[in-house]
There are 4 protein chains.
Amino acid sequence: MTSPSAIAAAPDRAVLLIDCPDQKGLVARVAGLLYQQGANILHADQHQDHELGLFFMRVEWSLNGVDGQSIPTFLAAFEPLAAQLQMRWQISTLKQRPRVALFCSQYLHCIADLLHRASAGELACDIAVIISNHREVEKLAAFHTIRFEYIPVTPATRAEAEAQQLALLQELNVELVVLARYMQILTETFVARYPAAIINVHHSFLPAFIGARPYHAAHARGVKLIGATSHYVTSVLDDGPIIEQDVARISHRDQVEDLVARGRDLERIVLSRAVRWHLERRILCYGNKTVVFD
Amino acid sequence: MTSPSAIAAAPDRAVLLIDCPDQKGLVARVAGLLYQQGANILHADQHQDHELGLFFMRVEWSLNGVDGQSIPTFLAAFEPLAAQLQMRWQISTLKQRPRVALFCSQYLHCIADLLHRASAGELACDIAVIISNHREVEKLAAFHTIRFEYIPVTPATRAEAEAQQLALLQELNVELVVLARYMQILTETFVARYPAAIINVHHSFLPAFIGARPYHAAHARGVKLIGATSHYVTSVLDDGPIIEQDVARISHRDQVEDLVARGRDLERIVLSRAVRWHLERRILCYGNKTVVFD
Amino acid sequence: MTSPSAIAAAPDRAVLLIDCPDQKGLVARVAGLLYQQGANILHADQHQDHELGLFFMRVEWSLNGVDGQSIPTFLAAFEPLAAQLQMRWQISTLKQRPRVALFCSQYLHCIADLLHRASAGELACDIAVIISNHREVEKLAAFHTIRFEYIPVTPATRAEAEAQQLALLQELNVELVVLARYMQILTETFVARYPAAIINVHHSFLPAFIGARPYHAAHARGVKLIGATSHYVTSVLDDGPIIEQDVARISHRDQVEDLVARGRDLERIVLSRAVRWHLERRILCYGNKTVVFD
Amino acid sequence: MTSPSAIAAAPDRAVLLIDCPDQKGLVARVAGLLYQQGANILHADQHQDHELGLFFMRVEWSLNGVDGQSIPTFLAAFEPLAAQLQMRWQISTLKQRPRVALFCSQYLHCIADLLHRASAGELACDIAVIISNHREVEKLAAFHTIRFEYIPVTPATRAEAEAQQLALLQELNVELVVLARYMQILTETFVARYPAAIINVHHSFLPAFIGARPYHAAHARGVKLIGATSHYVTSVLDDGPIIEQDVARISHRDQVEDLVARGRDLERIVLSRAVRWHLERRILCYGNKTVVFD
């Protein structure tokens with residue numbers, strides 16, 4: 001386990017994510033550029049979607065203690081190449097800890113899990129705020145000394161509540177919103193503000209059992225496995241790019257409440273993996289899918 | 001592995017399957033009756049659906065070499081009780097090998113797997129016939145010395161083809177029809193003749209991706225796991241009681257053809273389990289679900 | 001999720017666990033006795049080990065609100081039968097919440113998980129004390145308002161430390177000890193005081209990688225799956241009856257620290273399942289194995 | 001599914017596997033060289049073992065229909081670089097179908113599975129011969145029109161039998177030996193002739209239950225999951241580099257024969273995956289481990 005202090009002491013790393021139209025020589029040119037600059041590549045991974053003619057790449061290299069210096073040098077050389085090859089790209093260093101907002105409602109298993117992982121150093125982020133339309137999480141927020149904002153939501157006050165949430169996220173420079181069993185549907189306005197930056201967990205194996213009460217639906221259908229799915233939120237309910245899924249075996253003996261209990265473990269796992277991979281800049285979205293570099 | 005000859009030599013066993021309205025004393029009365037008759041119970045399992053007020057039981061006992069004799073004795077005592085308690089029940093002995101028809105089309109992985117398992121003694125049945133609308137399986141049928149019937153199907157000849165199939169099944173006393181990737185949809189007329197006795201494999205994690213080309217649909221949706229489902233066929237497409245499901249992890253690297261290849265292993269496994277459990281009289285259907293006693 | 005208050009309000013249930021030499025009529029006689037007494041059986045499950053000639057049974061029935069009354073009535077009739085049939089048995093009601101002691105060292109993921117589950121009503125027990133040879137857990141204990149005892153252990157002070165632990169357990173009427181990544185080996189003296197009542201989690205797929213640093217050993221061997229095992233503690237290290245195991249896929253990309261991180265999720269899951277099953281009286285030990293009724 | 005004829009018609013691909021001491025610029029130099037030659041890279045994957053300072057790479061590129069021509073051109077440029085960077089490497093084209101010998105004894109589930117997969121086009125190889133110390137497989141070999149050699153083995157005749165086997169393998173230009181449940185232990189002499197080119201399946205989750213009768217050992221230990229492992233054979237029994245492992249859940253209800261039956265499905269899957277990955281040149285051995293590029 002990497003403790004927060006170990007992270008602070010560790011030499012920093014740069015991560016570059018690229019997607020662009022596929023063509024010959026992409027790996028050679030990016031790797032060549034890094035080699036010319038003396039970069040020590042620690043991990044490199046690429047993927048080609050031959051059907052769509054797309055190329056994706058993730059490169060991670062050591063910053064050798066010269067933190068904050070080699071990135072601009074790299075960019076000076078990289079930007080012309082990126083423009084020429086029509087690359088969409090993002091670069092960051094692993095020490096830049098993204099600022100995260102956690103949303104939840106009355107069920108606390110996912111948020112308790114995320115908070116424990118963050119405090120144990122498993123999630124390289126700063127949790128700026130916990131926002132809930134319920135008060136159950138307040139004590140937990142206090143234990144972790146994280147700011148808590150209670151923002152109730154009713155159909156009548158939804159617009160106002162979201163405005164308040166968005167203002168808070170902006171004020172706190174939040175880059176990633178995690179819906180840890182937040183039981184409200186965000187409006188298109190909200191979603192549009194955080195493209196590929198809102199992660200939700202849905203308690204079914206999507207696309208099966210979209211919408212409310214998926215465990216009840218799974219029980220009614222008599223499935224033999226239940227699942228959970230973490231995904232980026234888009235304007236279509238439960239339809240965004242899937243990041244991770246997992247399943248557990250059930251039997252005729254399991255009632256809805258057993259499914260709910262088994263499912264909690266799945267939800268925790270698929271959500272925490274999605275958050276960790278996002279924070280480690282392992283995920284690229286394209287169309288309605290994700291590339292997850294492992 | 002139990003070889004066919006080992007089965008022949010083994011002492012026989014009776015299996016009783018019961019479902020009825022739940023009430024006090026059901027286990028006591030059935031077990032008591034068997035005890036009075038000196039039966040040696042080898043396995044007993046029961047299940048209550050508290051929500052629907054239903055009771056399910058499977059009891060397996062030794063026939064002690066007095067094959068064919070103790071069943072009538074048992075029934076003389078059991079039938080009045082069963083009538084009184086409104087039981088639906090079926091009794092059979094494990095030596096009564098059900099007669100099975102295998103249907104397939106051009107893909108042979110499932111049927112090749114079932115034939116290998118049957119020949120290795122894993123499936124306690126007699127395969128009476130292989131029926132296909134293609135000729136690819138003919139050589140395999142010959143290798144296993146199983147009768148092969150080529151019955152082509154077109155929209156225009158469907159009714160006639162099914163009539164021919166049904167006549168054959170009746171002639172051969174077939175009790176179980178297994179659709180081992182048979183790519184034709186059976187009519188309601190056919191399905192009605194074999195209630196809870198037609199097992200199909202669908203190459204998705206139902207209820208996701210019902211209908212044609214589920215691997216293409218799964219690829220398009222960007223799921224991270226693919227699945228396969230075996231189920232009893234009802235008149236609604238891909239909607240019958242689910243018997244078994246399994247999944248395999250995929251990634252962004254997997255193209256549709258990779259999903260198809262991974263999926264073949266899942267299909268083989270969920271179909272062969274379903275057939276085996278059916279033959280061992282482990283499955284009870286109720287509503288649109290199954291109880292599978294393990 | 002069943003909240004603690006829901007448990008308090010729920011009608012109580014009796015659970016009877018039996019193991020004895022197998023013979024005809026055991027199910028009939030136990031079920032018959034309960035039927036005579038008007039018990040409403042909610043779940044009944046039995047298992048026969050044909051090889052060893054042993055019979056195991058778990059019966060759960062409703063106490064109909066007449067809490068504390070029907071148990072003695074039942075026992076008056078049951079005890080002579082049990083003696084006659086050489087049964088070992090234990091009876092309890094689900095409202096009798098066992099008193100549990102949690103032991104841990106510096107790694108908190110397992111204990112944090114158990115505490116969250118207990119507070120969410122997933123574990124029907126009263127956590128009487130947390131004992132650790134480290135102070136890391138102190139804050140967490142305070143948050144859950146559970147008594148914390150810091151008992152350091154060195155080779156020189158082991159005997160004394162265990163004496164102190166045992167005195168505490170006795171004083172607090174502890175019935176179950178859970179070693180939630182407690183990194184000290186208990187002496188035979190300690191283990192003998194809690195037969196089949198100390199649950200440990202080992203961070204490997206036992207019997208592979210017994211002893212210290214199993215993730216390092218797994219990495220060195222180049223396995224493709226890592227595992228975790230929960231088991232009852234006996235006097236032989238990592239050799240007690242296995243309760244639950246689970247595995248996760250790894251690849252050549254995973255370093256030891258990745259195995260450690262992946263493994264934490266496995267450890268949490270196999271340990272929490274074992275504790276829950278023990279509390280629900282689903283486990284019977286025999287020889288060096290467990291029967292886990294689901 | 002790619003049929004054999006589809007493979008024949010498909011444009012060919014080159015696969016280069018490299019391992020060497022890690023240093024800066026390796027990706028850049030290999031990718032740069034391919035780019036200069038106009039190669040269209042279809043897949044590239046690399047791995048660094050930071051602990052051991054090793055670099056591994058697999059590159060797959062299109063041969064554009066100029067089959068057999070671009071490889072020498074590539075090598076003329078690559079070989080000096082490879083020498084300079086101390087690379088161990090191998091290059092092949094996917095149309096070069098390796099010649100394979102299958103060994104088995106009396107259990108046919110693995111070999112039947114491999115033969116079905118080969119005939120269905122899942123395994124890009126030519127099966128040159130089936131060798132067995134039993135005659136059970138003879139009929140199956142005939143069905144697939146593959147040469148069958150019956151070579152009985154006793155302790156007294158082992159040396160002679162192996163000499164006969166080795167002569168046959170040499171005569172038939174066999175490059176890969178697959179032990180599909182071959183129940184004889186190969187001598188060091190045999191193993192030394194096919195380094196990293198003999199694949200075995202062991203019916204346990206190695207390193208648990210090395211040696212004979214692993215299902216019996218697993219049953220005796222009371223494990224809750226059983227496993228199977230495919231690995232390269234080395235001179236130490238069941239100790240070679242692991243290629244693939246998988247597990248299945250069992251319960252107290254499962255007797256040894258149930259473990260054997262469940263295990264057969266695991267054995268088929270882990271063995272067929274290992275063979276496929278080997279044939280697709282996805283595996284690199286180092287130390288006693290494998291890198292498996294997916």
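Residues numbered from 1 in each chain as written. Chains lettered and ligands numbered in written order. Predicted model: local features only at pLDDT ≥ 70, side-chain atom pairs only at ≥ 80, totals over all residues. Heavy atoms only, no water.

### Quick word on the overall build of chain A
Part 1 of the argument: Secondary structure summary: chain A contains nine helices and 13 strands in total.
Part 2 of the argument: The C-alpha radius of gyration computed for chain A amounts to 21 Å, which stays within 12% of the reference 19 Å derived for 294 residues, consistent with globular compactness.
Part 3 of the argument: Out of the 294 residues belonging to chain A, those deemed buried represent 61%.
Part 4 of the argument: Of the roughly 11,300 Å² of accessible surface on chain A, a fraction of 53% belongs to carbon and sulfur atoms. (Helix = DSSP H or I, 4+ residues; strand = E, 2+ residues; numbered from the N terminus. Rg over C-alpha atoms; globule rule 2.2 N^0.38 Å. Buried < 20%, exposed > 50% of the residue type's maximum accessible area, 1.4 Å probe, protein only. Areas by Shrake-Rupley, 256 points an atom, 1.4 Å probe, with all protein chains shown as cover.)

### Things to note about the relation of the copies chain B and chain A
Part 1 of the argument: For the pair chain B and chain A, the relating rotation is 180°, the translation along its axis is 0.0 Å, and the fit reaches an RMSD of 0.0 Å. Taken together, the rotation and translation relating the two chain copies correspond to the operation of a two-fold axis. Taking C-alpha positions as the reference, the residue of chain B nearest the rotation axis is B:A208, at 2.3 Å.
Part 2 of the argument: A shared interface surface links the copies, since 100% of the contact residues of chain B are contact residues in chain A too. (Least-squares fit on C-alpha atoms with pLDDT ≥ 70 in both. Contact = heavy atoms within 4.5 Å.)

### Quick look at the relation of the copies chain A and chain D
Part 1 of the argument: Overlaying chain A on chain D yields an RMSD of 0.0 Å, the required transformation being a rotation through 180° with an accompanying axial translation of 0.0 Å.
Part 2 of the argument: A share of 100% of the interface residues of chain A reappears at the interface of chain D, consistent with the copies meeting face to face through the same patch.

### Here we look at the sheet that holds strand β7 (residues 148–150) of chain C
All names here are of chain C.
Part 1 of the argument: The strand order across the open sheet formed by seven strands is β7-β6-β5-β8-β9-β10-β11, and the pairing between neighbours is mixed. Single-partner strands in this sheet number two, and they are β7 and β11 (242–249). On average, each strand axis in the sheet is inclined to that of its neighbour by 15°, with strand direction left out of account.
Part 2 of the argument: As judged from the three bridges shared by strand β8 (residues 176–179) and strand β9 (residues 198–202), these two strands associate in the parallel manner. Looking across to β9, one finds that V178 is bridged to I199. (Pairing = 2+ DSSP bridges. Axes fitted to C-alpha atoms, helices over the stretch in contact; angles between N-to-C directions.)

### A few points about the pairing of strand β5 (residues 99–104) of chain D
All names here are of chain D.
Part 1 of the argument: Among the six residues of β5, five are classified as buried, and the element is accordingly described as predominantly covered.
Part 2 of the argument: One ladder, built from six bridges, connects β5 with strand β6 (residues 126–132); its direction is parallel. Its bridge partner being in β6, L102 is matched across the sheet by I130.
Part 3 of the argument: Sheet topology places β5 next to strand β8 (residues 176–179); four bridges connect them, and they run parallel. Within the sheet, the bridge partner assigned to V100 lies in β8 and is L176.

### What to know about the interface of chain A and chain D
Interface size is commonly expressed as the accessible area that is lost once the parts come together.
Part 1 of the argument: Facing 19 residues of chain A, the contacting portion of chain D comprises 19 residues.
Part 2 of the argument: For the chain A and chain D pair, buried surface summed over both sides reaches about 1,600 Å², with 53% attributable to carbon and sulfur atoms.
Part 3 of the argument: Viewed at the interface, chain D and chain A are joined by eight residue pairs in polar contact (both at pLDDT 80 or more).
Part 4 of the argument: Contributions of two or more residues to the side of chain A that touches chain D are made by α2 (26–36) and β2 (40–49) of chain A.
Part 5 of the argument: Considering each element in turn, the side of chain A that touches chain D owes the most residues, eight residues, to β2(A).
Part 6 of the argument: Considering only residue class, the side of chain A that touches chain D consists of eight nonpolar, eight polar and three charged. (Buried area = accessible area lost by both parts, 1.4 Å probe. Polar contact = N/O pair within 3.5 Å; in protein donor to acceptor, adjacent residues only side chain to side chain. Nonpolar A, V, L, I, M, F, W, Y, C, P; charged D, E, K, R; others polar.)

### Topic: the nonpolar core
Part 1 of the argument: Ranked by size, the top nonpolar core spans 192 residues in total, and within it A:I111, B:I111, C:I111 and D:I111 carry the most contacts.
Part 2 of the argument: Look past the residues within four positions of D:I111 in its chain and what remains in contact with it is D:L102, D:C104, D:I130, D:V137, D:L140 and D:A180. (Core = buried A, V, L, I, M, F, W, Y, C linked by side-chain atoms within 4.5 Å.)

### Here we look at the interface of chain B and chain A
Part 1 of the argument: Listed as interface residues are 36 residues of chain B and, on the opposing side, 36 residues of chain A.
Part 2 of the argument: The junction of chain B with chain A conceals about 3,100 Å² of combined surface from both sides, 50% of it contributed by carbon and sulfur atoms.
Part 3 of the argument: Looking only at chain B, the three residues that lose the most surface to chain A are B:R221, B:K224 and B:H252, adding up to 23% of its buried area.
Part 4 of the argument: Across the contact surface, chain B and chain A share eight salt bridges.
Part 5 of the argument: Notably, a salt bridge pairs B:R249 with A:D246, separated by 3.8 Å at the nearest N-O pair.
Part 6 of the argument: Counting across the chain B and chain A interface gives 24 residue pairs in polar contact (both at pLDDT 80 or more). (Salt bridge = Lys/Arg side-chain N within 4 Å of Asp/Glu carboxyl O.)

### Things to note about the packing of aromatic side chains
Residue and element names in this part refer to chain A.
Part 1 of the argument: Counting across every chain of the model gives 32 aromatic pairs over all chains.
Part 2 of the argument: Between F56 and Y286 the ring centres are 4.6 Å apart and the planes differ by 50°, which places this aromatic pair in the tilted class. In this pair, F56 is assigned in strand β3 (residues 54–62) and Y286 in strand β12 (residues 283–286), connecting sequence segments 230 residues apart.
Part 3 of the argument: For F56, a relative accessible area of 0% translates into the label buried. (Phe/Tyr/Trp six-rings, centres within 6.5 Å; stacked < 30°, edge-to-face > 60°.)

### Observations regarding the environment of C:F205
Part 1 of the argument: Mapped onto the fold, C:F205 is located in the loop between β9 and α8 (214–221).
Part 2 of the argument: For the pair C:F205 and C:S251, spaced 46 residues apart in sequence, the C-alpha separation works out to 16 Å.

### Considering the domain arrangement of chain A
All names here are of chain A.
Part 1 of the argument: Each assigned domain of chain A is listed here: domain 1 (4–93) and domain 2 (99–292).
Part 2 of the argument: Here the C-alpha centroids of domain 1 and domain 2 sit 30 Å apart.
Part 3 of the argument: Domain 1 puts 16 residues into the contact, and the matching count from domain 2 is 10 residues.
Part 4 of the argument: Of the roughly 1,000 Å² buried where domain 1 meets domain 2, counting both sides, 61% is carbon and sulfur surface.
Part 5 of the argument: Put simply, domain 1 and domain 2 have zero salt bridges between them.
Part 6 of the argument: Put simply, domain 1 and domain 2 have five residue pairs in polar contact (both at pLDDT 80 or more) between them.
Part 7 of the argument: Those elements that place two or more of their residues in the side of domain 1 that touches domain 2 are α1 (4–9), β1 (13–21), β2, β3 and β4 (88–93).
Part 8 of the argument: Partitioning the side of domain 1 that touches domain 2 into residue classes produces nine nonpolar, three polar and four charged. (Domains from an automatic or database assignment.)

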